[in-house]
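Structural features, examined
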Amino acid sequence: MKRPFSENPHATPSSLATPDEEMHQIQRGSDELLAQTGAVSNGSVMSPAPNHADNNNDAKKVKLDTKNPGAPSRVIHIRNIPNEVTEAEIVHLGIPFGKVTNVLVLKGKNQAFLEMSDEVSATTMVNYFTNCTAQLRGRAVYVQFSNHKELKTDQTHSNANPSAQAALQAAQALVNQTDTQGGPNTVLRVIVEHMIYPVTLDVLYQIFSRVGKVLKIVTFTKNNTFQALIQYPDVVTAQAAKMTLDGQNIYNACCTLRIEYSKLSNLNVKYNNDKSRDYTNPNLPTGDPALDSALAIGVSSLSAPNLNLPNRTGENATPTGMPFTGMPLAGVTPTAAALGAAGIRLPGQPSPNCVLLVSNLNEEMVTPDALFTLFGVYGDVQRVKILFNKKDNALVQMSEPHQTQLAISHLDKMKTWGKQIRVTLSKHQTVQLPKEGQPDAGLTKDYSNSPLHRFKKPGSKNYQNIYPPSATLHLSNIPPTVDEEQIKDAFAHAGASVKAFKFFPKDRKMALIQLGSVEEAIAALIKMHNFQLSDSSHLRVSFSKSTI
């Protein structure tokens, strides 16, 4: 087994002690424990600091029994945790793997200890997070065996943390609830309650794939309620999804997820379309003879943009637009990073604001209008401010928190105007307009009354057609007097290299246009959305998941 990093919070791989040094440290630490009370890290005693506000957990009366380093232990050491992490979030990391019996959070040292009921559960957890990165509040944390075989806390001690006990009791309640509902399974049954906004198969994939690899999804309506069956490769991942997503809202105050284990052990998916999907078999037919015939000869562009067809390149298109690198945000307690793309917040987390910080912009190209158009693909932009003293940075205010998460997941690290832009949540709650008479050089604009907002109507169908930036653009609102050459010439004049073009056979108001690259398509969308094609018609442009 790979030797874990030192439990010293300041240690790096290059500063690991040799086995002899570690054994010496452990022996020394064991001796010191006879005379001191504190938490032990690699045998070094961390003295309690009962008066230190950021490290009040150190004051717990703790005894850590040591053993050989690197060997399996039911005590797990978690490094690099954010300062604001709660005991409940640490406990949630361990729930899918077995019973959690104790927890100790050392906030001032950015580390925690989690004790499982047995070594088998602990080993499963460590092995799982060896293959995928655990995250807490968007920050990567490192999971390894502790050098100690038992974590003993004296609960009668005056400084014992009641929040730790509450977290452990809640964890046990969850386990008991699972016991009464039946054993865990790889297939989950999901019911969406209070569905004010549309929820599609792709939205579910976006949410549930943040917990682990999704194999299959089947959606259906029963008793006028939207439901889905979702299959994971193993029970651990399915259990993690149920524990962390059950009861959460997809959008603010609506679209509540109710999750239970299905009686089915495997899903039999016959078609890949907007109702069902087998992500392990992208070559399944769609169930529409005309579309299947078109796909068979490689003309996938005949499919309507609102039909969720599999991508034949082997990459399953996701509404998040985030490439999967084999190290998903899986198995973690899905905090803001895991649930953010769907606007889900865990209890106790602060409400996200609607303001984005966009950095590494091309100063020569960026304008408020350009950012309004680009970010308007993923939500209704209210205000844009390019920073006066740092013009490669801008603030973009959206109308809803979940729209900010959509923009982050689709546009962060996208190459735009020759630079890879970064998109993150801003610390600002709103974009301030300049005071009257204050010079601004046109760097701040208010779009709250813009007629170009795509999502003004509640439950807008545009929510179903949100895709990551792609080289193929979907065009609509094309007047009958405008032909293919006119449109291609307009895009070429905007600096794009047109590779292919095709009108929709049954609706000539819409077309697909394929450009030379994703970056070209982003620039073309910015320039050509709302482009005037005739006296009464303005072009509508969005990203497509289809290819020509």
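Residues numbered from 1 in each chain as written. Predicted model: local features only at pLDDT ≥ 70, side-chain atom pairs only at ≥ 80, totals over all residues. Heavy atoms only, no water.

1. Focus: the sheet that holds strand β23 (residues 472-476)
With antiparallel pairing, the four strands of this open sheet are ordered in space as β24-β25-β23-β26. Single-partner strands in this sheet number two, and they are β24 (498-504) and β26 (540-543). Averaged over all neighbouring strand pairs, the angle between strand axes comes to 25 degrees, with direction disregarded. Along the sheet face, helix α12 (residues 518-528) touches β23, β25 (507-515) and β26 and points at about 155 degrees away from the line of β26. (Pairing = 2+ DSSP bridges. Helix = DSSP H or I, 4+ residues; strand = E, 2+ residues; numbered from the N terminus. Axes fitted to C-alpha atoms, helices over the stretch in contact; angles between N-to-C directions. Contact = heavy atoms within 4.5 Å.)

2. A word on unusual backbone geometry
In this structure, Asn223 takes a positive phi of about 55 degrees despite not being glycine. Judged by its relative accessible area of 68%, Asn223 falls in the exposed class. A positive phi angle, near 55 degrees, is found at Trp417, a position not held by glycine. Residue Trp417 is classed as buried on the basis of its relative accessible area, which comes to 14%. (Buried < 20%, exposed > 50% of the residue type's maximum accessible area, 1.4 Å probe, protein only.)

3. Considering the nonpolar core
Among the nonpolar cores identified, the biggest contains 84 residues, and Phe208, Phe375, Leu473, Leu475 and Phe491 are the most heavily contacted of them. Those residues within four positions of Phe375 in sequence are excluded, and the remaining contacts are Leu356, Val358, Val381, Val396, Met398, Ala407, Leu411 and Val423. Judged by nonpolar contacts, the second largest core, of 30 residues, contains Ile78, Val100, Val103 and Leu168. (Core = buried A, V, L, I, M, F, W, Y, C linked by side-chain atoms within 4.5 Å.)

4. What about helix α10 (residues 401-411)?
With 11 of 11 residues buried, α10 lies mostly within the body of the structure. All buried positions along α10 are accounted for by Pro401, His402, Gln403, Thr404, Gln405, Leu406, Ala407, Ile408, Ser409, His410 and Leu411. Of the surrounding secondary structure, the elements contacted by the buried residues of α10 are α5 (201-208), β13 (249-251), β16 (355-359), α9 (368-375), β18 (394-398) and β21 (422-425).

5. So, the environment of Cys254
Inspection of the secondary structure assignment puts Cys254 in strand β14 (residues 254-261). Between the C-alpha atoms of Cys254 and Tyr197, which are 57 residues apart in sequence, the distance is 7.8 Å. When near neighbours in sequence (up to four residues on either side) are disregarded, Cys254 contacts Glu193, His194, Ile196, Tyr197 and Asn249.

6. Some details on the confidence of the model for the chain
On average, residues of the chain carry a pLDDT of 75, and 71% of them reach 70 or more. Mean pLDDT across the elements of the chain ranges from a minimum in strand β2 (residues 44-46), with 33, to a maximum in α9, with 97. Here residues 1-69 is a poorly scored stretch, pLDDT under 50, and it has 145 contacts once near neighbours within four places are set aside; other chains count. Confidence over residues 298-351 falls short of pLDDT 50; this stretch has 157 contacts with residues more than four positions distant or in other chains. (pLDDT = per-residue confidence, 0-100.)

7. Quick notes on the pattern of salt bridges
Overall, the coordinates contain 11 salt bridges when judged by the stated rule. Between Arg189 and Glu260 there is a salt bridge; the shortest N-O distance is 2.9 Å. Taken together, the residues span a long stretch of sequence, with Arg189 in strand β10 (residues 187-193) and Glu260 in strand β14 at a distance of 71 residues. For Arg189, a relative accessible area of 24% corresponds to the partly exposed category. Residue Glu260 is classed as partly exposed on the basis of its relative accessible area of 34%. Residue Lys488 is joined to Glu485 by a salt bridge in which the shortest nitrogen-to-oxygen separation is 3.7 Å. Separated by three residues within a single helix, Lys488 and Glu485 lie in helix α11 (residues 484-493), roughly one turn from each other. Under the relative-accessibility criterion, Lys488 is labelled partly exposed at 23%. (Salt bridge = Lys/Arg side-chain N within 4 Å of Asp/Glu carboxyl O.)

8. Details of the sheet that holds strand β12 (residues 225-231)
Strand order in the open sheet formed by six strands is β13-β14-β10-β12-β11-β15, with antiparallel pairing between adjacent strands. The open sheet has two edge strands with one neighbour each: β13 and β15 (276-278). Averaged over all adjacent pairs, the angle separating strand axes in this sheet is 25 degrees, with direction ignored.

9. Observations concerning the side chain of Ser542
Structurally, Ser542 can be placed in strand β26. Ignoring sequence-local partners within four residues, the contact set of Ser542 consists of Arg454, Leu473, His474 and Leu525.

10. Some thoughts on the pairing of β10
Counting buried positions along β10 yields five of seven residues, so the element is predominantly enclosed. Two elements, β10 and β12, share six bridges in a ladder whose sense is antiparallel. Bridge pairing in β12 links Val192 to Phe226.

11. Section: the packing of aromatic side chains
The tally for this structure, following the rule as stated, stands at six aromatic pairs. Ring centres 5.6 Å apart and planes at 65 degrees place the aromatic pair Phe97 and Phe129 in the edge-to-face group. Taken together, the residues Phe97 in the loop between α2 (87-94) and β5 (100-106) and Phe129 in helix α3 (residues 119-131) connect sequence positions 32 residues apart. Within the aromatic cluster, the residues linked to one another by ring pairs are Phe97, Tyr128 and Phe129. The residue whose ring lies beneath Arg508 is Phe503, and the NZ or CZ to ring-centre distance is 4.0 Å. (Phe/Tyr/Trp six-rings, centres within 6.5 Å; stacked < 30°, edge-to-face > 60°. Lys NZ or Arg CZ within 6 Å of the ring centre and 35° of its normal.)

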